[in-house]
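# Structural description and commentary
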Amino acid sequence: MLKAGSPLIASGVARRSLLAGIGSLVALPALAAPPGIGPDAWVAYEARLRARLDDAGGGRFNAPVERELLGLTNAARASSGASACRWSDELALTARAHAADLADRGYVEHLAPEGFDPSHRIGVLARRMLGSASENIAYRQAGTPASAQELMGIWRRSERHWVNLLAPTHDQVGFGVAVRGDRTYCVGLYAHPDGELAAPLPFKVDTVAALSRILDQGSPHIDSFSFADPLDEAARLAVRQDAVATRLTPGVYQVRPWVRVDARRYQILWGPIFVRV
């Protein structure tokens, strides 16, 4: 059990994009999530996160502290020679949802009890973002809610978290701070997105045409796309765009936009996760 005044911290590392020659794209068997994390679990988790955005996990969100963390972060980055990060509403939304879930269920972990990690939350809630993020968590239990300086101090005393916060490749950030009673839960998400879609991708999809209309207008220009099992790296190129009509059966998928690098190669990006109903 955590005692009053004791901090607990955790950090998570982002996924990275990959480069693949067009000749390496293959069609694999139908996608299947590990037992226990099927479409119903994804739908329930998305609903849980949305609900926590409404009720702050039984507490309240501390917006002034969230914004103050942005200033303190950029001051620390300037001192280390890193460029400033700008605020991302999608990262902040995702950070708030997890902070509120921590407050609601009383745990302090990157991995949700259902088995979902930070990249999954980005894929579920950041409906326009292409890319993933690094996550820091700070927790404090004391007589008064934690200040932005106290939360930053928790991360400052951990080399791993400070490296996340100062990473020169990051250029966007979002914070979520949920306060419930004498407990403060803080989540920071840091990213360098590869681009964004022209509009939010629906979480529940019944036709591939609905996806195509949005993906055709992404920035940078999306030349093509595939769909992958978000829980199985080996299946990341499992369903190609030209096979979608017959292969995209009901289930859970992650959009993998293709952006051309040169005449023979595409960069395969991370896109939102959706449920094919």
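Please read all numbers here as calculations on a predicted model, not as lab measurements. (Residues numbered from 1 in each chain as written. Predicted model: local features only at pLDDT ≥ 70, side-chain atom pairs only at ≥ 80, totals over all residues. Heavy atoms only, no water.)

### Describing the overall build of the protein
Keep this limit in mind: Secondary structure elements are taken from DSSP: a helix is a run of H or I of four residues or more, a strand is a run of E of two residues or more, and numbering for both begins at the N terminus. Each residue is assigned to one of three classes by its accessible area relative to the maximum for its type, calculated with a 1.4 Å probe on protein chains only: buried under 20%, partly exposed between the two thresholds, exposed over 50%. By definition, residues are in contact when any of their heavy atoms lie within 4.5 Å.
A tally of helices and strands in the protein yields eight helices and 15 strands. Per-residue burial over the protein gives 53% buried out of 277 residues. Taking as baseline every contact in the protein between residues at least 6 positions apart, the subset at least 24 positions apart corresponds to 73%.

### Focus on the environment of glycine 58
Relative to the assigned elements, glycine 58 resides in the loop between helix 1 (39-55) and strand 3 (60-61). In sequence terms glycine 58 and aspartate 104 are 46 residues apart; their C-alpha atoms lie 6.1 Å from each other.

### Some points on the confidence of the model for the protein
Where we set the bar: Note: pLDDT gives the predictor's confidence per residue, expressed from 0 to 100.
Per-residue confidence for the protein gives a mean pLDDT of 85; residues scoring 70 or more make up 82%. Overall, residues 1-9 carries pLDDT values under 50, and its contacts beyond four positions in sequence, including any with other chains, amount to 23 contacts. Long-range and interchain partners of residues 15-34, a stretch whose pLDDT sits below 50, account for 55 contacts in this model, where long-range means more than four residues apart.

### Regarding the packing of helix 3 (residues 89-105) against helix 4 (residues 118-125)
As a reminder of what qualifies: Orientation is described by axes fitted as lines to C-alpha atoms, over the contacting stretch for helices, and by angles from 0 to 180 degrees between their N-to-C directions. With respect to orientation, any angle under 35 degrees is reported as roughly parallel, any angle over 145 as roughly antiparallel, any angle of 65 to 115 as roughly perpendicular, and every other angle as oblique. Two helices crossing with the near one rotated counterclockwise from the far one by less than a right angle form a left-handed crossing, whereas a clockwise rotation gives a right-handed crossing. Put simply, Ala, Val, Leu, Ile, Met, Phe, Trp, Tyr, Cys and Pro go in the nonpolar bin, Asp, Glu, Lys and Arg in the charged bin, and everything else, Gly too, in the polar bin.
The geometry of helix 3 relative to helix 4 is characterised by a closest axis approach of 10 Å and an angle of 120 degrees between their N-to-C directions. When the axis of helix 3 is compared with that of helix 4, the two are oblique. For the element pair helix 3 and helix 4, the recorded crossing hand is right-handed. Between helix 3 and helix 4, the residues in contact are Glu90, Leu91, Leu93, Thr94, Ala97 and His98 and Arg121, Ile122 and Leu125, respectively. Classifying every residue of the contact of helix 3 with helix 4 gives five nonpolar, two polar and two charged.

### Let's talk about the packing of aromatic side chains
Keep this limit in mind: Two rings from Phe, Tyr or Trp (for Trp, the six-membered ring) form a pair when their centres are within 6.5 Å of each other. A pair whose planes differ by under 30 degrees is stacked, one over 60 is edge-to-face, and the rest are tilted. For a Lys NZ or an Arg CZ to count as sitting over a ring, it must be within 6 Å of the ring centre and within 35 degrees of the ring normal.
Within the structure shown, the criterion is met by eleven aromatic pairs. Considering the side-chain rings of tryptophan 87 and phenylalanine 175, the 6.4 Å spacing of their centres and the 45 degrees angle between planes classify their relative orientation as tilted. On the criterion of sequence distance, the pair formed by tryptophan 87 in strand 4 (residues 86-87) and phenylalanine 175 in strand 7 (residues 172-180) is long-range, its members being 88 residues apart. Side by side, tryptophan 87 and phenylalanine 175 carry an identical accessibility label, which is buried. Here the aromatic cluster, defined as three or more aromatic residues joined through ring pairs, consists of Trp87, Trp155, Phe175 and Tyr190. The ring centre of tryptophan 87 lies 4.0 Å from the NZ or CZ of arginine 67, which sits over that ring.

### Digging into the pattern of salt bridges
This is how it is decided: The working definition used for a salt bridge is a side-chain nitrogen of Lys or Arg within 4 Å of a carboxyl oxygen of Asp or Glu.
Applying the stated criterion across every chain, the model contains 13 salt bridges. Aspartate 104 serves as the salt-bridge partner of arginine 48, at 3.2 Å between the closest nitrogen and oxygen. In this pair, arginine 48 is assigned in helix 1 and aspartate 104 in helix 3, connecting sequence segments 56 residues apart. Where arginine 128 meets glutamate 196, a salt bridge forms, and the shortest distance between an N and an O atom there is 3.1 Å. In this pair, arginine 128 is assigned in the loop between helix 4 and strand 5 (129-130) and glutamate 196 in strand 9 (residues 195-196), connecting sequence segments 68 residues apart.

### Re unusual backbone geometry
With a phi close to 55 degrees, alanine 56 is a non-glycine residue in the positive phi region. Within the fold, alanine 56 resides in the loop between helix 1 and strand 3.

### Here we look at helix 7 (residues 208-215)
Of all eight residues making up helix 7, six are buried, and the element is well covered by its neighbours. For helix 7, every residue scored as buried is listed here: Val208, Ala210, Leu211, Ser212, Ile214 and Leu215.

### Overview of the nonpolar core
Condition: What is meant by a nonpolar core is a set of buried Ala, Val, Leu, Ile, Met, Phe, Trp, Tyr and Cys residues, joined one to another through side-chain atoms within 4.5 Å.
By size, the foremost hydrophobic cluster in this structure holds 35 residues, and its most contacted members are Trp42, Leu91, Ile122, Val187 and Leu189. When residues of this core are traced back to their parent elements, those giving at least two are helix 1, helix 3, helix 4, strand 6 (134-141), strand 8 (183-191) and strand 15 (273-276). With residues near it in sequence (within four places) discarded, tryptophan 42 still touches Ile37, Phe116, His120, Val124, Phe203, Pro230, Leu231, Val252, Ile273 and Val275. Of all hydrophobic cores here, the second largest spans 23 residues; its members include Ala92, Ala138, Ala146 and Leu151.

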